[in-house]
Structures are given as C-alpha cells and as structure tokens.
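Below are the chains, spelled out letter by letter.
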Amino acid sequence: MKITDVTVTLFKWENIPVKSYDHEVKMVTNSTDLGLVKIKTDEGTEGHALLGLCVHPASLEAPYIIRFLKPILMGQNPLDRERLFQSMSRMRAQVSTLAVCAVDVALWDLAGKISGLPVHAMIGTFRHKTPVYASSEQHDSVDGYVEQALAVKDAGLHGYKLHPKQHWREDIAACQAVRKAVGDNFNLMLDSRSAYDLGEAVKVGRAIEELGFLWYEDPLPVTDIYNYAKLRESMDIPVMATEFPAGWLDDYAPWIMNKATDILRGDVMIKGGITSMLKIAHLAEAFAMKLEIHHGGNSLNDVAYLHIQMAIPNTSFMKILLPQEAWWHGLVEEIQIDSDGFAHAPGKPGLGYEVDLELVERQKIAVLS
C-alpha cells in the first residue's frame, strides 16, 4: 500500500462565540476557516484530520503541509508512522507542530480503518471511559464563574477549572466564591495563564491550597523553569506546567530534570500529534508523573486525544473548553458525554468520528494539493 495524494480542503466556519481566555488568547472575529486533511492510498482508503482552530485559521498552516510534508509522504507506506513522524519532526524549522499533528492524526485514522480497529485499540486499550471536566472562558464578574461552575456540577461533570481575570487578588476572590458555591466535594482547578510573578504566584497558590483545589496550572511565564522550580518547592498543591510553548518531546527534559513541575501537560495540536503525545505519556510514566491532556483545538483533535486517554494509565480527565461551540465544529456527531459525566471510548475503526463532508463541500473555500 502506498500514499498517492495529500490534500487540504479549506472551509468556512462562521458564527463562533467571541470569547477570551487570557490577555493574549482571545477571539477577534466570529469567523475563520478549518482544513480537512485527506491522505489517500492506492487501495482507496482515506485518513482524515482537521487543521486549524477558532483563533488560528487553517489557511495559515495548510500551505506548509503541501509544500514541506506532502513530499515526505508521497509513495510511502502509510503504516510506517514512526518513520514518517521522525521525518516530519526534523522539519521543525519549516513547519509547526499544528501541521505535523494534522498529518499524524490522519495517518492514525488511516491505519485504524485499514486494520478495522479504533485508534485506542491499536495502541492498546487501558480504559473504556474517562471522567470529563469543564474549563471556563474569562468572565466579567465573579458571579459568571459561580453560575457556570454550578451549571457544570449540575450537568454531572467531574470538575471545573477557572481561567481567571489574571489579577491575583481578584483571582483569589473568584476561587473562594466558586468553592463556597459548589461545596467541598467537587473538583476545582485554576489555570492562571502565566499571569503572575513568583511572589504573586505563591500568594494565589497558598490560597487555593486552603480551598482544596486539585492543581495549580501555568501561574508563571511559560519558559520560567527557574522560578517554577522554586514555586513547586513552596507549594503542597500540585503545580502544572509545559502546556506551552508549542514543542516536541525533547522540550520536556529540562522541566523534569529541574523538578519544575509536578504534572506534565500537552495536547496533540501543539505537541505534534498522537505519535508525539504517546512518547510524552510514556516519558511521564517513567518518572511516576501524570500527563493531563489539554484540549485539542478542534473537534477531531479532541477525538484523537480521547483515544490517547483510553490507552494510557497516567491521566485523570478529559477536558472540554467552554463554550464548546467555540471549539467544536465540522463533525457529523461531536463527542458524546453521558449523564454521569463520562466520555466513552470510540468503537468504530480509526478515529471513529466522521467529518461532515456535506458541510465541508457547502462551505468550501479552496482545495490545496
């Protein structure tokens, strides 16, 4: 079997809720474009992935897939995923992790369809369902966090994470109000999105320790390994870093060796795909660390990371980022969460969720090949 073509179909995505998640990650328009990546073989089987997210149009990345990654794939056996991943990752000076992710996810989808197995079964299934927590957007008031946290709890989900206003006193007040509202037996987390200096981070960390928060995520600048190590030494609450910047397996080594984080973070989109995330999960496991997986940026990437969670032991939750309408688009059916707050292992071959090809055709902008 050989790869005979790689294409990216750009299509419009409109009516996106305009939200902010920190000082930098905010939507400035309610429309963008996504890309359907197709890898075709001489036996007629196709692998699919989605490229792009609400704050980063696929049209920025798609030309790099065609120019730099397609030549690596053409004529190759699509089952040689590790060799192809190594070749693509050596192109990091030319292409981003987002582009490599889309190709890698499509290759896994293709392999699952060839074998007749879901991706998690190809890796080796560890669990068949996982609890889900919800992560907030930024709200204008403390009441916004309280109301949303209560709605999340009432929906049966297993936790709520705040993206606060990024002013340490206000952030503590929001955390206190949410804890009071939901009670002591509901999982809460804080993601401060690199808002503080070390002194502020210590104050906030000690406050949420007293509130029984589950983890303390990204309080300091994303590359500040030195101060993360000092913060971690002064905290009882687990500190989580390494979500950003976008990068590869070797970027984790200094964090582990400097004991700068308790929990590793990552997702398929900004770490280079399923292949890369499995390497990171196994690295974390070797150091008795958890890998808590971030959301994937689009619907099919979230499906990809759901498969990973079903296949590794050292992770706790699936994450959904609110509002879901700002992140999920383009599938016939989105990931289903049951009334008890669990997402279940996909049962169909490959990724097991279908791209809405009729929607793609209706909203088509261009086909890159």
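Let me sum up the structure you'll find in this document. Since this is a predicted model, take the numbers as computed values, not measurements.

Topic: the environment of Thr-9
Stage number 1. Tracing the sequence through the fold places Thr-9 in strand β1 (residues 3-13).
Stage number 2. Each C-alpha atom, one on Thr-9 and one on Asp-33, is 9.9 Å from the other, the two residues being 24 residues apart in sequence.
Stage number 3. For Thr-9, the contacting residues outside a window of four places in its chain are Leu-34, Gly-35, Leu-36, Val-360, Lys-364, Ala-366 and Val-367.

Thoughts on the pairing of strand β3 (residues 46-51)
Along any regular strand, the residues point their side chains to alternate faces of the sheet.
Stage number 1. The buried fraction of β3 is high, at five of six residues.
Stage number 2. Where strand β2 (residues 32-41) and β3 come together, six bridges link them in antiparallel fashion. Bridge pairing in β3 links Gly-35 to Leu-51.
Stage number 3. Between β2 and the antiparallel strand that follows it, β3, lie four residues; Gly-44 among them carries a positive phi value of about 90°.

Focus: the state of the cysteines
Stage number 1. The tally for this structure, following the rule as stated, stands at zero disulfides.
Stage number 2. Looking at Cys-101, it has no disulfide partner, and the nearest cysteine sulfur is the one in Cys-54, 15 Å off.
Stage number 3. Relative accessible area serves as the criterion here: at 1%, Cys-101 is assigned to the buried category.

Let's talk about the packing of helix α6 (residues 168-182) against helix α7 (residues 198-210)
Stage number 1. Taken N-terminus to C-terminus, the directions of α6 and α7 make an angle of 10°; their axes are 10 Å apart at the nearest point. One way to sum up the angle between α6 and α7 is to call them roughly parallel. The segment α6 lies against α7, with Trp-168, Ile-172 and Cys-175 engaging Glu-200, Lys-203, Val-204, Ala-207 and Ile-208.
Stage number 2. In terms of residue class, the contact of α6 with α7 is built from six nonpolar, no polar and two charged.

A word on helix α8 (residues 225-234)
Stage number 1. Residues Ile-225, Asn-227, Tyr-228, Ala-229 and Leu-231 constitute the buried set of α8.
Stage number 2. On the buried face of α8, the contacting elements are α7, β7 (216-217), β8 (239-240) and α9 (253-257).

Observations concerning helix α3 (residues 97-115)
Stage number 1. Taking 1.5 Å per residue, 19 residues should reach 27 Å; α3 reaches 27 Å between its end C-alpha atoms and fits that length.
Stage number 2. Counting buried positions over the 19 residues of α3 gives 16, a clear majority of the element.
Stage number 3. Measuring from the side-chain oxygen of the N-cap residue of α3 to the backbone nitrogen of Leu-98 gives 3.2 Å; that N-cap residue is Ser-96.
Stage number 4. Where α3 ends, the next residue or the one after it, Gly-116, has phi of about 80°, a positive value.

Quick notes on the packing of aromatic side chains
A ring pair, where both rings are aromatic, is described by two values, the distance of the centres and the angle of the planes.
Stage number 1. Within the structure shown, the criterion is met by seven aromatic pairs.
Stage number 2. Where Trp-215 meets Phe-317, the ring centres are 6.2 Å apart and the plane angle is 65°; that geometry is what we call edge-to-face. Of this pair, Trp-215 sits in the loop between α7 and β7 while Phe-317 sits in the loop between α12 (299-311) and β11 (318-321), and the two are 102 residues apart along the sequence.
Stage number 3. Feature note: the residues Tyr-133, Trp-215 and Phe-317 constitute an aromatic cluster, connected by ring pairs.
Stage number 4. One cation-aromatic arrangement involves Lys-129 over Phe-342; the distance from NZ or CZ to the ring centre is 4.2 Å.
Stage number 5. Residue placement shows Lys-203 over the ring face of Trp-168; its charged tip is 5.4 Å from the ring centre.

Points about the layout of surface pockets
Stage number 1. Roughly 410 Å³ of internal volume is contained in the largest pocket.
Stage number 2. Looking at the largest pocket, it is lined by 26 residues, and the ones nearest its centre are Val-25, Leu-53, Val-55, Phe-244 and Trp-327.
Stage number 3. When contributions to the lining of the largest pocket are tallied by element, the ones reaching two or more residues are α10 (268-271) and β11.
Stage number 4. Considered class by class, the residues forming the lining of the largest pocket number 14 nonpolar, seven polar and five charged.

Points about the nonpolar core
Stage number 1. Judged by nonpolar contacts, the single largest core of 119 residues is most densely connected at Ile-65 and Tyr-216.
Stage number 2. With 11 residues, the single largest contributor to this core is α3.

Points about unusual backbone geometry
Stage number 1. Look at the link from Phe-244 to Pro-245: it is a cis peptide, with omega at 0°.
Stage number 2. Tracing the backbone shows Pro-245 in the loop between β8 and α9.
Stage number 3. Positive phi is not limited to glycine here, since Lys-259 has a value of about 50°.
Stage number 4. Topologically, Lys-259 is positioned in the loop between α9 and β9 (264-266).

Procedures and definitions
Residues numbered from 1 in each chain as written. Predicted model: local features only at pLDDT ≥ 70, side-chain atom pairs only at ≥ 80, totals over all residues. Heavy atoms only, no water. Helix = DSSP H or I, 4+ residues; strand = E, 2+ residues; numbered from the N terminus. Contact = heavy atoms within 4.5 Å. Buried < 20%, exposed > 50% of the residue type's maximum accessible area, 1.4 Å probe, protein only. Pairing = 2+ DSSP bridges. Disulfide = S-S within 2.5 Å. Axes fitted to C-alpha atoms, helices over the stretch in contact; angles between N-to-C directions. Parallel < 35°, antiparallel > 145°, perpendicular 65-115°, else oblique. Nonpolar A, V, L, I, M, F, W, Y, C, P; charged D, E, K, R; others polar. Expected span 1.5 Å × (residues − 1). Polar contact = N/O pair within 3.5 Å; in protein donor to acceptor, adjacent residues only side chain to side chain. Phe/Tyr/Trp six-rings, centres within 6.5 Å; stacked < 30°, edge-to-face > 60°. Lys NZ or Arg CZ within 6 Å of the ring centre and 35° of its normal. 1 Å grid on protein atoms, 1.4 Å probe; cavity = no way out; pocket = protein on both sides within 12 Å on 5 of 7 lines; lining within 4 Å. Points joined across faces, edges and corners; volume = space filled by probe spheres on them. Core = buried A, V, L, I, M, F, W, Y, C linked by side-chain atoms within 4.5 Å.

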